[in-house]
Amino acid sequence: MTTTEAAHPSASGRPSGPAAGAGTAPEPVDENIWLEEIYGEEQLAWVREQNARTEDLLEDAEYARLEGSILEVLDSTDRIAMVGKHGEWYYNFWKDRDNPKGLWRRTSWASYRGGSPEWDILLDVDALAAAEGQEWVFHGANFLRPSEGEPHRRALLALSPDGGDANRHREFDVESRSFVDAAAGGFDLPTAKGNASWLDADTLLVATTAEGLPSTSSSYARTGVKLQRGGSLAAAERLFEIPEDHMMALVAHDSTPGFERTFAVDWISFFEKNTSVLRDGEWVQIDVPADVNLSSHREWLLFRPQKDWTVNGRTYPAGALLAARFEDFLAGGRDLSVLFTPDEHTSLQSWSWTRDFLLLNLLRDVSSEIRVLDPQRPGTDAAWASTVLDACPPLHDVNAFAVDDEDAPEGSDDDGTGGGAPASEGEAPGAGNDFWLVATGFTTPSTLTRGTLRRAGGTGADARVASAHEVIRSSPSFFNDEAYEVQQHFAVSKDGTRVPYFQVASKDLVLDGQNPTQLSGYGGFEISRTPAYSGAVGRAWLERRTEESAGHDGDAPHTRGGVYVVANIRGGGEYGPSWHRAALQENRHRAYEDFAAVAQDLISRGVTSRQRLGCVGGSNGGLLVGNMLTQYPELFGAVSCGVPLLDMRRYTKLSAGYSWIAEYGDPDVPEQWESIKTFSPYHLLRDGIDYPETFIWTATSDDRVGPVQARKMAARMQAMGIPNVWFHEALEGGHAGASDNRQAAALQSRSQHFLWRALAGSGA
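Just so it is clear, the model here is predicted, and its values are computed rather than measured. Residues take numbers from 1 onward in each chain, read along the sequence in its written order. Thresholds applied to this predicted model are a pLDDT of at least 70 for local features of residues and 80 or more for the giving and counting of side-chain atom pairs; totals over whole chains, interfaces and linings are not thresholded and use all residues. To get the side-chain values, take all heavy atoms of the structure and skip hydrogens and water.

Asker: Looking at this structure, how should I read unusual backbone geometry?
Answerer: Among all residues except glycine, the phi angle is most often negative; among peptide bonds, the trans geometry is most common. Phi is positive for R177, close to 55°, though the residue is something other than glycine. What counts as a helix is a DSSP run of H or I of at least four residues, what counts as a strand is a run of E of at least two, and both are numbered from the N terminus. Looking at where R177 falls in the secondary structure, it is placed in the loop between β7 (167–173) and β8 (178–179). Between buried and exposed lies partly exposed: a residue is buried under 20% and exposed over 50% of the maximum accessible area for its type, with that area taken using a 1.4 Å probe on protein chains only. Residue classification places R177 among the partly exposed residues on the basis of a relative accessible area of 35%. The phi angle at R298 is positive, at roughly 50°, despite the residue not being glycine.

Okay, here's the thing in structure tokens:
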């Protein structure tokens with residue numbers, strides 16, 4: 001590793017070196033700390049030089065063909081236009097070739113269901129960007145609940161100036177299709193990280209760092225304020241404040257009629273938060289441990305503990321789902337109903353309320369299962385009657401979520417049973433118990449279904465919820481998916497843990513170790529990697545062919561395509577909180593051992609070999625593949641490392657890194673740095689190692705991880721004389737690395753083309 005003194009000052013103007021405060025772990029010498037100045041002239045000149053070098057390597061005729069093919073997928077007008085219902089309208093945000101920044105639009109249900117919707121264009125973001133001279137990126141809309149019988153008219157639009165996490169919130173009138181002029185009292189919040197929620201037509205609840213309001217060490221808002229129409233944030237009434245070393249403050253208002261509540265959240269760390277509700281002008285904290293996740297729906301309060309939780313002598317396991325009546329729990333009652341209990345194969349991923357039913361999205365060995373719970377009828381295995389929705393084929397990802405839980409149920413009567421025909425049969429009112437169902441698989445294009453839930457007959461074990469549904473949209477196929485098959489395998493990690501992974505390959509795959517194979521993973525923050533259709537992966541990897549081989553040992557000349565693999569390693573959420581917690585902080589190595597075990601299993605099974613195996617990951621997945629590069633270089637021929645964490649000594653001082661201490665640990669604490677430095681790729685580089693070919697990519701405007709760790713890693717590797725190290729930094733695009741389809745196609749094409757060039761050479 002390079003140990004020369006830094007040639008540049010630190011980003012703060014002070015030399016970088018081992019000096020540290022008492023009790024703080026020393027910082028290793030960092031000769032590249034000058035690259036931490038994100039927008040400095042000298043630093044951006046270095047970036048442009050690196051970009052030109054990488055583009056000269058990658059952007060050949062085959063790259064251009066690949067980019068065009070991926071862009072065709074992303075711009076396809078046959079994609080499913082997903083919609084969200086507000087009032088009688090169905091809203092969608094759409095990007096394509098003619099509208100790269102996108103259109104915010106709406107249509108009626110009859111028009112949408114008919115297959116060729118007549119869209120009412122509300123906002124053309126390309127036109128807005130041109131008119132205002134700002135490269136706006138649309139990040140969503142938050143509607144004001146109208147008065148009874150009135151249409152949804154006002155919304156707060158979140159617009160990012162560069163694709164980063166900081167947004168400008170502006171009030172928009174959907175009837176006039178225009179922003180409400182700030183000079184006339186329209187809300188217009190300066191660009192900053194934070195959130196905004198409607199309290200009423202003339203009042204917002206805002207957590208922000210704008211106008212001098214304080215920020216946390218994680219760069220997020222510390223305070224929540226009540227902003228009156230026409231007022232300023234600086235002068236707004238402060239409602240809520242958290243300590244600087246906590247992660248962020250949030251404030252929000254639930255305007256459900258009859259269940260109006262105002263909440264404040266002190267998000268202590270990534271996995272800990274305290275939630276309070278406003279009662280008679282005072283904040284009342286909901287009395288649960290900070291690692292118990294909470295959500296409310298009408299009269300119900302739901303709990304999902306991240307660790308085992310003991311209440312009144314009974315212990316509920318991590319990953320369970322529990323329920324209590326909101327007011328009873330606030331008053332001190334602890335009568336908890338068990339709605340879901342995890343087992344070694346099954347975990348709860350998410351849930352969604354319709355008006356009268358609760359949809360649970362589960363994974364059973366990383367294949368979807370959906371249960372519908374009825375709070376009005378007792379169950380047998382759980383407190384509420386449970387029905388499995390027959391909608392989940394094996395090795396697929398299927399998610400159910402409400403259409404509009406605040407609408408009245410279709411054909412409802414006094415007991416809320418819901419009857420009659422499903423709303424999908426026409427323009428009938430009452431979508432309260434309607435749900436969307438989105439199904440996808442590696443070789444199955446996404447399908448959108450709409451259904452309606454109602455109570456069927458039976459009691460106890462025989463109690464059922466019936467579902468009537470129909471397919472509304474199906475995505476087209478972008479590659480010959482029938483030529484490929486999906487398999488699930490299990491590798492055995494170093495400590496004996498069985499680690500599942502998906503393999504997508506040609507049905508005539510030859511197990512001779514010569515197949516170009518791309519291994520993808522994440523393994524952090526309890527995020528699950530589930531089956532998903534990708535036309536870009538299909539075209540850029542599965543269908544791509546090697547040059548025709550000459551044949552050997554009697555084999556006929558042949559070509560072969562790529563193999564795509566997704567690993568479900570610890571640190572993720574595939575098996576719930578325990579799967580995640582198994583790889584936290586000092587146990588981080590388990591995630592890397594899992595991924596390496598999958599790589600070794602692919603080699604042992606004859607799918608691929610070191611020279612044909614590459615890995616790819618972004619963000620925390622970039623840290624994952626950075627550790628493959630530095631700790632398991634003998635397993636991989638190429639590494640594509642995107643928007644990564646790599647310098648784990650300084651990550652807490654860069655962008656939003658401080659907020660991830662709960663995941664990785666605090667490198668300023670000497671005892672914790674001792675373990676963290678064992679998975680800090682920037683500090684694990686060594687001379688004399690045969691490293692895989694490496695492509696590191698990032699974005700200047702990424703305000704979450706930031707571009708500087710990627711810059712420094714590439715600079716150090718190149719200075720060490722490590723061959724075939726390439727770097728590219730998009731000058732816009734945020735943490736996603738791309739803010740429109742053209743940028744996304746370019747980003748994906750560079751990574752895919754780099755891996756193919758490195759792995760699919762002669763002999764394949």
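Next comes the rest of the description.
Asker: I keep staring at empty space enclosed by the protein and nothing clicks. Help me out?
Answerer: Where empty space is left can be seen by rolling a probe of water-molecule size over the atoms. Both site types are read off a 1 Å grid over the protein atoms alone. A 1.4 Å probe that fits but cannot get out defines a cavity, while an open set with protein on both sides within 12 Å along at least five of seven lines defines a pocket; lining residues have an atom within 4 Å of a point. Grid points are joined across faces, edges and corners, and a volume is the space filled by probe spheres set on the points. In the structure shown here, the tally under the stated rule is five cavities of 30 Å³ or more. Here the second largest cavity defines a volume of roughly 50 Å³. Lining the second largest cavity are N167, H169, L189, P190, A192, K193, G194, N195, A196, V206, A207 and T208. Broken down by secondary-structure element, the contributors of at least two residues to the lining of the second largest cavity are β7, β9 (188–192), β10 (194–200) and β11 (203–208). Considering only residue class, the lining of the second largest cavity consists of six nonpolar, five polar and one charged. Residue polarity is assigned by list, with Asp, Glu, Lys and Arg as charged and Ala, Val, Leu, Ile, Met, Phe, Trp, Tyr, Cys and Pro as nonpolar; anything else, Gly included, falls into the polar class.

Asker: Help me understand the pairing of strand β27 (residues 384–388) in this model?
Answerer: Remember that side chains alternate between the two faces of the sheet whenever the strand is regular. One bridge is not enough; two strands pair if DSSP finds at least two bridges between them. Relative to β27, strand β26 (residues 367–378) runs antiparallel, the two being bridged by five bridges. Paired with R371 across the two strands is V388, which belongs to β27. Where β26 folds back onto β27 in an antiparallel hairpin, the turn is made up of five residues.

Asker: Explain the packing of helix α1 (residues 41–58) against helix α13 (residues 708–719) here, please?
Answerer: Describing two packed helices takes the angle between their axes plus the distance from one axis to the other. Fitted lines through C-alpha atoms give the axes, limited to the stretch in contact for helices. The angle between two N-to-C directions lies from 0 to 180 degrees. Between α1 and α13, the shortest axis-to-axis distance is 12 Å and the interhelical angle comes to 65°. Considering their axes alone, α1 and α13 lie roughly perpendicular with respect to each other. You can see that α1 and α13 cross each other, and the crossing is left-handed. Contacts between α1 and α13 involve Q43, L44, W46, V47, Q50 and R53 from the former and R711, A714, A715 and Q718 from the latter. Tallied by class, residues from the contact of α1 with α13 come to five nonpolar, three polar and two charged. When an angle is under 35 degrees it counts as roughly parallel; over 145 it counts as roughly antiparallel; between 65 and 115 it counts as roughly perpendicular; any other value is oblique. Working rule for handedness: look at the near helix, and if it is turned counterclockwise from the far one by less than a right angle, call the crossing left-handed; if clockwise, right-handed. Contact between two residues is taken to exist if any of their heavy atoms lie within 4.5 Å; hydrogens are not considered.

Asker: Before we go on, may I ask you to explain the nonpolar core in this structure?
Answerer: Across soluble globular proteins, nonpolar side chains have a tendency to be buried as a group. Throughout, nonpolar core names a set of buried Ala, Val, Leu, Ile, Met, Phe, Trp, Tyr and Cys residues whose side chains join them through atoms within 4.5 Å. L519, F595, V598, M628, F636 and Y664 are the most contacted members of the largest nonpolar core, which has 69 residues in total. The element that contributes the greatest number of residues to this core is helix α8 (residues 589–604), accounting for eight residues. Discounting residues that sit within four places of it in the chain, L519 has contacts with V565, A567, F595, V598, A599, L613, G614, C615, V616 and F636. Formed by 31 residues, the second largest nonpolar core is a distinct cluster that contains V73, V537, W697 and A758.

Asker: Help me understand the sheet that holds strand β4 (residues 120–124), please; the structure alone is not making it clear to me.
Answerer: Across a sheet, strands are paired by hydrogen bonds formed along the backbone, either parallel or antiparallel in direction. An order of β1-β2-β3-β4 is seen for the four strands of this open sheet, with the pairing classed as antiparallel. Bordering the open sheet on either side are β1 (84–86) and β4, each of which pairs with just one other strand. Neighbouring strand axes in the sheet, compared pairwise and without regard to direction, differ in orientation by 30° on average. Where strand β3 (residues 99–107) meets β4, four bridges bridge the pair, whose relative direction is antiparallel.

Asker: Whenever I open this one, the pattern of salt bridges confuses me. Can you help?
Answerer: Two side chains with opposite charge may pair up if their charged atoms get near one another. Basic side-chain nitrogens of Lys or Arg form a salt bridge, by our definition, when they fall within 4 Å of a carboxyl oxygen of Asp or Glu. Following the criterion strictly, the structure yields 52 salt bridges and no others. Residue R229 pairs with D202 through a salt bridge whose shortest N-O separation is 2.8 Å. Taken as a pair, R229 in the loop between β12 (223–228) and β13 (237–241) and D202 in the loop between β10 and β11 lie far apart in primary sequence, 27 residues in all. Its relative accessible area of 40% is what places D202 among the partly exposed residues. Linked by salt bridges that have partners in common, E27, D30, E36, D647, R649, R650, K653, D668 and K712 make up one network.

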